[in-house]
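Residues per chain are reported as follows:
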Amino acid sequence: MRQIVLDTETTGIDPKSGHRIIEIGCVELFNRKLTGNHYHEYVNPQRVVEDEAIEVHGITNEFLADKPVFSQVADSFLEYIRGAELIIHNAPFDVGFIDHEFNLLGKGHGKVYDHCSVIDTLVMARDKHPGQRNSLDALCKRYDVDNSGRVLHGALLDSEILADVYLMMTGGQTMLSLGAESEENSSGAQAGAIRRLAAGRAPLKVVAANAEEMQLHEAKLDALGEDCLWRR
């Protein structure tokens, strides 16, 4: 299954008030593994970024001045997400902005749900942890996901962090201890914390038993008798 973890940054909070996307960040998961194939664009919104928004993400009007407008990146973005399952934290916000941008193009790009299905990790978190804080930062703390580099919001960084959170929420294991607080192992790393491996790392070496070893193995099983569980 191909999944795309997606986040956006914007000029403000409401596209109906004319606010626009200024950053898109996506990372790809295939069969629940990060592939290293990501999509990242800064976008000139053709309007002023509100001061309150700059305080959140730190992206200034001066920085965006020479960036492409959405119409220049729309086709490559749509091609990247087409047919995938999108994973988004508070999906109505990001989907609403993307749909607004597609609508402004007037080129028949449709809406996000015409091309993709969507999982909202905020809804998922509220179902799993009712009555608790379920912001991305709160989930990082709950699942021991390292977000120490998240001083400001950023679409690509937040997508990478959300990918780790999603994997932990949907089958990852934090720790087996019964204590409420996580402990550090001998290397100083928190138990259960996700450590990224390089996408281009060499595959693990598989050492197969030779004929003599297999013969000895079979002889050992014969000696254990018919009740040997390894042969069931």
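Residues numbered from 1 in each chain as written. Predicted model: local features only at pLDDT ≥ 70, side-chain atom pairs only at ≥ 80, totals over all residues. Heavy atoms only, no water.

This paragraph deals with the overall build of the protein. Counting its secondary structure elements, the protein contains 9 helices and 5 strands. Seen in sequence order, the protein has helices and strands lined up from the N terminus as β-β-β-α-α-α-β-α-α-β-α-α-α-α. Within the protein, the fraction of its 232 residues that count as buried is 39%. Counting contacts in the protein only where the partners sit at least 6 residues apart, residues at least 24 apart contribute 66% of the total. When the accessible surface of the protein is totalled, it reaches about 14,100 Å², and 52% of it is carbon and sulfur. (Helix = DSSP H or I, 4+ residues; strand = E, 2+ residues; numbered from the N terminus. Buried < 20%, exposed > 50% of the residue type's maximum accessible area, 1.4 Å probe, protein only. Contact = heavy atoms within 4.5 Å. Areas by Shrake-Rupley, 256 points an atom, 1.4 Å probe, with all protein chains shown as cover.)

Before going further, it helps to examine the sheet that holds strand β3 (residues 33-42). If you trace the 5 strands from one edge of the open sheet to the other, you get β3-β2-β1-β4-β5, paired in mixed fashion. Of all strands in the sheet, those bounded by a partner on one side alone are β3 and β5 (117-120). If you compare each strand with its neighbour and ignore which way they point, the axes differ by 25° on average. Two strands pair when backbone bridges link them, and strand β2 (residues 21-30) and β3 are joined in this way by 7 bridges, in the antiparallel orientation. When the bridges of β3 are listed, F30 appears paired with K33. Sheet strands in contact with helix α4 (residues 91-105) are β1 (2-10), β2, β4 (85-88) and β5, and its direction is about 80° off that of β1. Those strands touched by helix α8 (residues 155-169) are β1, β2, β3, β4 and β5, and its axis lies near 35° from that of β2. (Pairing = 2+ DSSP bridges. Axes fitted to C-alpha atoms, helices over the stretch in contact; angles between N-to-C directions.)

Once that is clear, we can look at the packing of aromatic side chains. Across all of its chains, the model carries 6 aromatic pairs by this definition. An angle of 35° between the planes, with centres 5.5 Å apart, marks the rings of Y39 and Y80 as tilted. Here Y80 lies in helix α3 (residues 70-81) and Y39 lies in strand β3, a separation of 41 residues in the sequence. Pair check on accessibility: Y39 and Y80 agree, each one buried. (Phe/Tyr/Trp six-rings, centres within 6.5 Å; stacked < 30°, edge-to-face > 60°.)

With respect to burial, β1 is a largely interior element, 8 of its 9 residues being buried. Strand direction decides the pairing type here: β1 and β2, joined by 9 bridges, are antiparallel. Within the sheet, the bridge partner assigned to Q3 lies in β2 and is L29. Bridge analysis of β1 against β4 gives 3 bridges, and the strand direction is parallel. Residue pairing across strands places I4 opposite L86, the latter belonging to β4.

What follows concerns α8. The first and last C-alpha atoms of α8 sit 20 Å apart over 15 residues, in line with the 21 Å expected at 1.5 Å per residue. Backbone geometry just downstream of α8 places G171 in the positive-phi region, at approximately 145°. (Expected span 1.5 Å × (residues − 1).)

The subject of this paragraph is the pattern of salt bridges. Between side chains of opposite charge, a pair can form as their charged atoms come close. In total, this model carries 4 salt bridges according to the counting rule given. For E28, the salt bridge goes to R2, with nearest N and O atoms at 2.5 Å. Placement of the pair is E28 in strand β2 and R2 in strand β1, with a sequence separation of 26 residues. A residue is classified by how much of its surface remains accessible, and R2, at 24% relative accessible area, is partly exposed. When the shortest N-O distance is used, the salt bridge between K67 and D66 registers 2.9 Å. (Salt bridge = Lys/Arg side-chain N within 4 Å of Asp/Glu carboxyl O.)

Moving on to helix α6 (residues 121-128). Listing the buried residues of α6 in full gives T121, L122 and A125. Viewed end-on, α6 has its buried residues packed into an arc of 100°, placing them on one side of the element. What points out from α6, more than 90 degrees from its buried face, is the exposed set R126 and D127. For α6, the secondary structure elements touched by its buried residues are β4, β5, α7 (136-142) and α8. Where α6 starts, the residue carrying a side-chain oxygen 2.9 Å from the main-chain nitrogen of L122 turns out to be D120. (Arc of directions from axis to C-beta. Polar contact = N/O pair within 3.5 Å; in protein donor to acceptor, adjacent residues only side chain to side chain.)

Once that is clear, we can look at the packing of α6 against α8. Between α6 and α8, the least distance of the axes is 12 Å, while the angle of their chain directions is 40°. Accordingly, the angle class assigned to the pair α6 and α8 is oblique. Crossing geometry of α6 relative to α8 is assigned as left-handed. Contacts between α6 and α8 involve T121, M124, A125 and K128 from the first element and L162, Y166 and M169 from the second. (Parallel < 35°, antiparallel > 145°, perpendicular 65-115°, else oblique. Left-handed = near helix turned anticlockwise from the far one by under 90°.)

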